[in-house]
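Architecture and fold: a report
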Amino acid sequence: MSEFAIVHRSALAPAPRVASHRIAIIALPEGHVVQVFERAPGADLLAVLADAAGTAPHAVRTAGPGQWFIVGDEPLPRDTFLDLANALGPHAATVDQSHGRVRIRVEGTVVERMLAKGTAIDLDIGAFPVGHSAATLLGHVSVHLTRLDATAFEIIVLRGFASSLWEGLERMSAEFG
């Protein structure tokens, strides 16, 4: 019988970075992405979710009616995930999506113009303010987009589409240096 070892490989290894003075595309650490599904409408889960997410800004993102993502740069130990699932108890179900999702940060003075090439969402800060999230297409790839600050967004994409999305972002940013 042959011996084998399971080796983790980053979806975007080595962690690439595309940058100019106007735009940057950065592969974020493969920390954690937990999806939360409300079991029954009406429960006030935001306080529990915010407590679970810690102090990181915008760590809790709306993912649809009764759905949220909790994200972070550090891997989520199993015990911590189980504590979260127990804290949400009968009000919500939790699914660890860390193995299947990749996070990419795009930032710069022309970030809205770059992303507008691939999505139909109005990314003007008045229409899509800091902390706002949406599920959308970016090119032909389904993503979850969150505005982190006036000139930065985070994109969550299924792991299998990360390389394709990265290439699309490189093409969208090409005119900006």
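Our structure's up above, just so we're on the same page.
Throughout what follows, the structure given in this document is the object of discussion. Small disclaimer: the values here were computed from a predicted structure and weren't measured.

**Focus on the overall build of the protein chain**
The helix and strand inventory of the protein chain stands at 4 helices and 10 strands. Secondary structure of the protein chain in N-to-C order comes out as β-β-β-α-β-β-α-β-β-α-β-β-β-α. Against the 2.2 N^0.38 benchmark of 16 Å for 177 residues, the protein chain shows a C-alpha radius of gyration of 17 Å, consistent with a compact globule. Dimensions of the protein chain along its principal axes, counting C-alpha atoms only, are 55 × 50 × 30 Å. Taking all 177 residues of the protein chain together, the buried fraction comes to 41%. Put simply, 65% of the contacts in the protein chain that link residues at least 6 apart link residues at least 24 apart. In the structure as shown, the protein chain presents an accessible area of about 9600 Å², 56% of it carried by carbon and sulfur atoms. In the protein chain, 14 positive and 19 negative side-chain charges are present, and the distance between their average locations comes to 6 Å.

**Topic: the pattern of salt bridges**
Under the counting rule described, the total for this entry stands at 9 salt bridges. As a salt-bridge pair, arginine 103 and aspartate 73 come within 2.5 Å of each other at their nearest N and O atoms. Pair noted here: arginine 103 is in strand 7 (residues 101–107) and aspartate 73 is in the loop between strand 5 (67–72) and helix 2 (78–88), with a separation of 30 residues, a long-range link. Two residues, glutamate 175 and arginine 113, come together in a salt bridge whose shortest N-O distance is 4.0 Å. Note that glutamate 175 is positioned in the segment after helix 4 (162–173) and arginine 113 in helix 3 (residues 111–116), a separation of 62 residues in sequence. Several salt bridges converge on common partners, so that one network encompasses Arg61, Asp73, Arg103 and Glu154.

Basis of the calculations
- Residues numbered from 1 in each chain as written.
- Predicted model: local features only at pLDDT ≥ 70, side-chain atom pairs only at ≥ 80, totals over all residues.
- Heavy atoms only, no water.
- Helix = DSSP H or I, 4+ residues; strand = E, 2+ residues; numbered from the N terminus.
- Rg over C-alpha atoms; globule rule 2.2 N^0.38 Å.
- Buried < 20%, exposed > 50% of the residue type's maximum accessible area, 1.4 Å probe, protein only.
- Contact = heavy atoms within 4.5 Å.
- Areas by Shrake-Rupley, 256 points an atom, 1.4 Å probe, with all protein chains shown as cover.
- Lys, Arg positive; Asp, Glu negative; His and termini not counted.
- Charge placed at Lys NZ, Arg CZ, Asp CG, Glu CD.
- Salt bridge = Lys/Arg side-chain N within 4 Å of Asp/Glu carboxyl O.

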